[in-house]
Amino acid sequence: MTASASPFRIVHTVCSHDCPDSCAVLVTVNEQGRAIKVEGDPSQPVTQGFLCGKVAKYLDRVYAPDRILYPLRRKLGTAKQPRQRGHEHEAFERVTWDEALAAIATRLQQISDEHGPESILPYSYAGTIGVLGFGSMDRRFFHRLGASRLDRTICSEAGGQAWNTVYGKKLGTPTEDFRLAKLILAWGANIHGNNVHLWPMIEQARRAGARLIVIDPYRTRTAALADWHIAIRPGTDSALALGMMHVILNEGLEDRAYIEAMTHGFKQLAERAREYTPERAAAWTGMTAAEIEQLAREYATTRPAALRMNYGVQRAEFGGSTVRAIAMLPALTGAWKHRGGGAVLSTSGAFAWNEHPVRRPDLQLASPLGRQARLVNMSALGQALTELGAKPEDGPPVQTLFVYNSNPGAVAPNQNAVRRGLARPDLFTVVHELFFTDTTDYADYILPATTFLEHTDIQGAYGHYFVQLSKQAIEPPGEARSNVWLFGQLAQRMGFPEPCFRDTPQEIIRQALNMDPAGGPDAPSANPGMEHITYAALEERGHIPVDLHNAPEAHPFLPFTVGPLPTPSGKVEFYSESLAAAGLDPLPGFTPPTESRWGTDAARYPLELLARKADNYMNSTFANLDGHRKMESSTNQRLEIHPSDAAARNLADGDPVRIFNDRGSLPLTALLNPSLPPGVVAARLDWAKLHTGGSNVNALTSERLTDIGAGATFYSTLVEVAKTAEPAKI
Ligand code: SF4
């Protein structure tokens with residue numbers, strides 16, 4: 001049979017889950033319009049034809065029997081409270097989209113009139129990272145409404161802002177170039193678990209003699225495969241980075257030519273690094289001074305040396321300063337000059353989307369508010385729902401929470417405070433979702449959402465440099481609808497007259513690409529680095545790299561080797577006047593987190609908790625699928641603890657335990673793990689409703705914010721553990 005006569009269609013889509021790899025996914029669709037296969041696109045140089053274990057069985061998710069397919073309304077008189085899995089529907093009744101949209105629009109108008117539009121709070125994050133799904137029609141809608149703006153800090157803001165204080169832009173070593181490295185330093189980066197398309201490059205480099213060193217408090221799959229795993233204490237990474245700088249400078253291993261040409265504030269940094277002797281850094285990190293010296297020498301003398309930092313290191317109280325310290329290492333050694341060297345935290349700075357027309361922040365001026373709305377930090381949702389509005393300067397209390405692309409009932413810190421807020425009888429909550437989650441248990445309306453197979457989008461990445469078009473492969477099952485459709489419809493119900501609320505996904509994509517609206521499919525993008533991209537070319541090829549002058553041999557892309565950089569000084573900033581002006585330390589330093597073994601509460605709560613993410617889930621996504629749960633069964637409801645800490649508490653493997661602090665407690669089962677640093681325990685994020693006791697690790701985490709970027713501090717959490725009489729049911 002020829003390809004054209006095939007009864008099947010193959011559609012180019014893009015995995016929109018919150019992952020640096022942004023895989024090109026080919027979806028095979030049969031004559032009945034049903035997706036029958038998903039596979040990685042072999043022509044995409046980073047995807048290389050394979051998908052991770054999370055998405056390889058994606059059709060289990062698309063066609064899951066418990067997927068929400070119709071709009072639902074809470075039945076009168078049913079309490080907002082956690083519901084047992086499989087019984088959630090008992091609290092809801094099916095309504096039509098017309099009924100749901102009309103009722104929601106009416107209620108939003110009433111709440112806006114009575115309490116002011118800022119009493120409405122959208123809550124979304126990276127449940128989809130497509131440009132349209134992440135933030136387009138939704139932003140237009142909430143701006144026009146005059147709703148509070150959400151400060152989207154929960155994942156990467158501390159690290160992103162910190163990186164930019166050093167380099168001005170989130171760029172880094174291309175994934176494809178890691179194969180040329182001779183040393184790979186994975187710093188808080190579980191590459192095998194959540195950046196798996198970097199792994200083949202690392203394997204290739206290792207076959208050519210490269211060494212892989214992993215710095216991570218937890219022995220992840222990546223750490224277990226490394227040549228050297230350094231199980232550092234949580235939150236002490238900046239002490240290690242500064243200790244390495246001390247050794248590098250002491251032994252004259254820095255690259256003076258690069259420093260001279262490309263950096264600002266070297267003298268001040270050298271003075272700061274002098275304070276961090278290997279012995280001092282060792283006392284904080286739990287390493288030996290000799291190990292710090294060895295690491296520093298190996299890093300500074302191996303070329304090319306590539307550093308993969310991931311966002312775990314910045315989810316600590318001083319995560320911003322930590323990212324700054326680590327990010328400075330390749331500038332000190334000149335690692336950027338060598339192809340296959342350098343570092344990467346994120347590549348997202350390469351995608352200069354034309355955000356204004358996509359999100360229309362100007363619509364705030366047309367709202368009843370008539371000005372820019374207040375900003376509410378998503379990492380302190382518990383406080384926002386229970387305390388905001390108590391002081392006159394706060395503005396109104398939150399009266400409506402509109403959740404999409406997120407599951408705050410499971411993923412937001414300080415879960416008990418979040419739940420107290422969600423359970424407020426006067427809070428009107430709408431949730432756009434695929435499944436019944438820890439958040440939908442509190443919803444007044446649940447609206448069925450689409451997967452990336454069921455809508456059209458455009459996507460960049462934070463782990464590579466390809467712009468990709470994600471075409472709709474199948475019709476949404478039931479009455480599921482995309483974010484763009486939902487907020488466009490709601491806007492019309494609210495009577496918003498602006499034509500932008502009727503834009504199609506294709507029109508918004510053209511706006512994001514800054515294409516002439518009157519131009520045809522061959523009109524080029526006017527975005528910097530995308531001038532060679534047309535809609536027709538995207539339709540045909542699916543993925544096109546941004547222009548980084550990355551001609552492979554003649555002009556390899558070597559980030560941060562040519563100035564001026566987009567920083568105030570135009571150089572790599574070891575010393576940041578902007579941070580100084582903001583009253584922050586202009587140099588990287590180490591301060592022990594308040595919740596750490598050096599903190600004042602350590603006598604009562606002496607154990608540092610790693611509130612880990614699962615390799616086979618995406619935060620809370622996929623945790624409801626049996627196949628994925630099976631892959632995580634070895635740590636399901638386990639409290640991993642070092643044998644010495646277990647012995648001190650008279651605990652044996654398999655003992656029922658309670659892990660607790662002032663914010664909450666969880667029943668778990670002890671699992672002795674000698675690879676953890678003593679004083680550190682680990683427990684995995686899961687859905688609260690799937691946990692014995694109905695809470696998850698976020699019952700223990702706090703709403704304290706990071707030093708830079710006001711992000712969440714999941715990994716600065718103190719707890720105690722005690723044996724209990726009753727076993728935790730698993
Ligand atoms: S989750 Fe990441 S690795 Fe897996 S398919 Fe999606 S983009 Fe690729």
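Note: the structure precedes this text.
Residues numbered from 1 in each chain as written. Predicted model: local features only at pLDDT ≥ 70, side-chain atom pairs only at ≥ 80, totals over all residues. Heavy atoms only, no water.

Student: Could you clarify how one ought to interpret the sheet that holds strand 9 (residues 211–215) in this entry?
Tutor: Adjacent strands of a sheet form backbone hydrogen bonds with each other and so pair up, either parallel or antiparallel. Ordered by their spatial adjacency, 5 strands build an open sheet running 10-9-8-12-13, and the pairing between neighbours is parallel. The open sheet has two edge strands, strand 10 (228–230) and strand 13 (342–344), and neither has a second partner. Across the sheet, the mean angle from the axis of one strand to that of its neighbour is 15°, orientation sign disregarded. By the bridge criterion, 5 bridges tie strand 8 (residues 183–187) to strand 12 (residues 305–309) in an arrangement that is parallel. Paired with Ile 184 across the bridge in strand 12 is Ala 306. In the packing of helix 10 (residues 237–250) onto the sheet, the strands contacted are strand 8 and strand 9, and the crossing angle to strand 8 comes to about 150°. (Pairing = 2+ DSSP bridges. Helix = DSSP H or I, 4+ residues; strand = E, 2+ residues; numbered from the N terminus. Axes fitted to C-alpha atoms, helices over the stretch in contact; angles between N-to-C directions. Contact = heavy atoms within 4.5 Å.)

Student: It is not clear to me how the pattern of salt bridges should be interpreted in this structure. Could you clarify?
Tutor: Side chains that carry opposite charge are capable of pairing whenever their charged atoms lie near each other. Counted by the stated rule, this structure contains 37 salt bridges. Between Lys 337 and Asp 255 there is a salt bridge, and its shortest N-O distance comes to 2.7 Å. Taken together, the positions of Lys 337 in the loop between helix 15 (319–333) and strand 13 and Asp 255 in the loop between helix 10 and helix 11 (256–262) put the pair 82 residues apart, joining distant regions of the chain. Take Lys 337: its relative accessible area is 36%, and that puts it in the partly exposed class. According to the relative accessible area criterion, Asp 255 is buried, its value standing at 12%. Here Asp 662 and Arg 604 are joined by a salt bridge, their closest N and O atoms 2.7 Å apart. Placement of the pair is Asp 662 in the loop between strand 24 (656–661) and strand 25 (664–672) and Arg 604 in the loop between helix 23 (577–581) and strand 22 (607–612), with a sequence separation of 58 residues. Taking relative accessible area as the criterion, Asp 662 reaches 55% and is therefore assigned exposed. (Salt bridge = Lys/Arg side-chain N within 4 Å of Asp/Glu carboxyl O. Buried < 20%, exposed > 50% of the residue type's maximum accessible area, 1.4 Å probe, protein only.)

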